[in-house]
Amino acid sequence: MDDTGTLVRRATEAFNAGKPDEAQRLCEKGLARAPADPVLHHLLAAVLFSRGVIAPAHAHIDVSLANRPSNAPARLLAARIARSEGQFEAALAHLDAAIATSPQREMFVEKARTLDMAGLRDQARGAWQAILKVIPGHQEATARLGRLAWEDGDAATAASLLAQAVAASAPASVWFDLGVARQDLLDHAGAAIAYRKALELKPDHAEAALNLGIALQESGDVDAAMGAFARAYRLRPQLFGSIAMALTSASHGRLWLDEDGLRRALTR
């Protein structure tokens, strides 16, 4: 019969191998023998959280922390679980406790993310700036500071920061934000490049297709714009009103008096 340490090792190996069912079974087997074991509760919380089973994950990490309140990895997991539930104050409390015990870079990044998600803009900005000082070129910090600059109406700073963020491999969301900032600066060609990259990375990004159409239209390439608008319409038919508005209001737009005619044009 496997002892608790062996079950923990086997469950961890199963989890890391992408076998959550087996990992969960092994954790539950171990907890049937040792109901208060903090390591098994921690591991089972991680397995459940990875599967989107939030409430039970929360319960298990609470038991683990009750036995090991100074365990930084458990605090970090508890913070992520609380954040997923929208419990930002609890998440920040867990992160502060983790940082006090083990001030690792990952903890500070998680705190910045949590402040951002909680809508605490000034604190989030300060946290991201602090990360950038310690880790120059940190992509996520650069991208988030770029987005915050754009939200503050500083499109030039936003475009500069976001261009730095996409210098390395970046997700579609960062390319999209770069496109928006460039568009605000009337750099329609640069915006189109960014939106195309966003669509390459995330082909179902309807907003990127819509904005690409607007950028192409502003550049005078109405035929290419119609292709982008058609893609946006296929991806999300609810964007029809935005497409119609863009086509009729831009300097290089087309006037559509017949909605059905425009719908047909977008589905050819």
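Residues numbered from 1 in each chain as written. Predicted model: local features only at pLDDT ≥ 70, side-chain atom pairs only at ≥ 80, totals over all residues. Heavy atoms only, no water.

**Student:** Help me understand helix α14 (residues 222-235) in this model?
**Tutor:** Given 3.6 residues to a turn, an α-helix orients residues that are three or four positions apart in the same direction. An ideal rise of 1.5 Å per residue puts 20 Å on 14 residues; α14 measures up with 20 Å between its terminal C-alpha atoms. Buried residues along α14 sit against α13 (206-218), α15 (240-249) and α16 (259-266). (Helix = DSSP H or I, 4+ residues; strand = E, 2+ residues; numbered from the N terminus. Expected span 1.5 Å × (residues − 1). Contact = heavy atoms within 4.5 Å.)

**Student:** Help me understand the pattern of salt bridges in this model?
**Tutor:** Should the charged atoms of two oppositely charged side chains come close, the side chains can pair. According to the stated counting rule, one finds 18 salt bridges in the structure shown. Here R144 ties to D116 by a salt bridge, and the two come within 2.7 Å at their closest N and O atoms. In this pair, R144 sits in helix α9 (residues 139-151) while D116 sits in helix α7 (residues 105-117), placing the two residues 28 residues apart along the sequence. Classification of R144 as partly exposed rests on a relative accessible area of 24%. Residue D116 is classed as buried on the basis of its relative accessible area of 16%. Ionic pairing is found between E207 and R236, a salt bridge with its closest N-O pair at 2.5 Å. (Salt bridge = Lys/Arg side-chain N within 4 Å of Asp/Glu carboxyl O. Buried < 20%, exposed > 50% of the residue type's maximum accessible area, 1.4 Å probe, protein only.)

**Student:** What's the story with the packing of helix α8 (residues 121-134) against α9 in this structure? I'm lost.
**Tutor:** The packing of two helices is summarised by the inter-axis angle and the distance between the axes. Where α8 meets α9, the axes come as close as 9 Å, and the angle between the chain directions of the two elements is 145 degrees. Here α8 and α9 pass one another in a crossing that is left-handed. Each of R121, R125, W128, Q129, I131 and L132 in α8 lies in contact with α9, whose residues at this interface are E140, A141, T142, R144, L145, L148 and E151. Of the residues assigned to the contact of α8 with α9, the class counts are 6 nonpolar, 2 polar and 5 charged. (Axes fitted to C-alpha atoms, helices over the stretch in contact; angles between N-to-C directions. Left-handed = near helix turned anticlockwise from the far one by under 90°. Nonpolar A, V, L, I, M, F, W, Y, C, P; charged D, E, K, R; others polar.)

**Student:** In this structure, what is going on with the layout of surface pockets? I would like to understand it.
**Tutor:** Rolled over the atoms, a probe sized like a water molecule indicates the empty space that remains. Space inside the largest pocket adds up to approximately 150 Å³. Among the elements of the structure, α7 and α8 are those that each provide at least two residues to the lining of the largest pocket. Looking at which element gives the most residues to the lining of the largest pocket, the answer is α7, with 5 residues. Its residues assigned to classes, the lining of the largest pocket shows 9 nonpolar, 1 polar and 2 charged. (1 Å grid on protein atoms, 1.4 Å probe; cavity = no way out; pocket = protein on both sides within 12 Å on 5 of 7 lines; lining within 4 Å. Points joined across faces, edges and corners; volume = space filled by probe spheres on them.)

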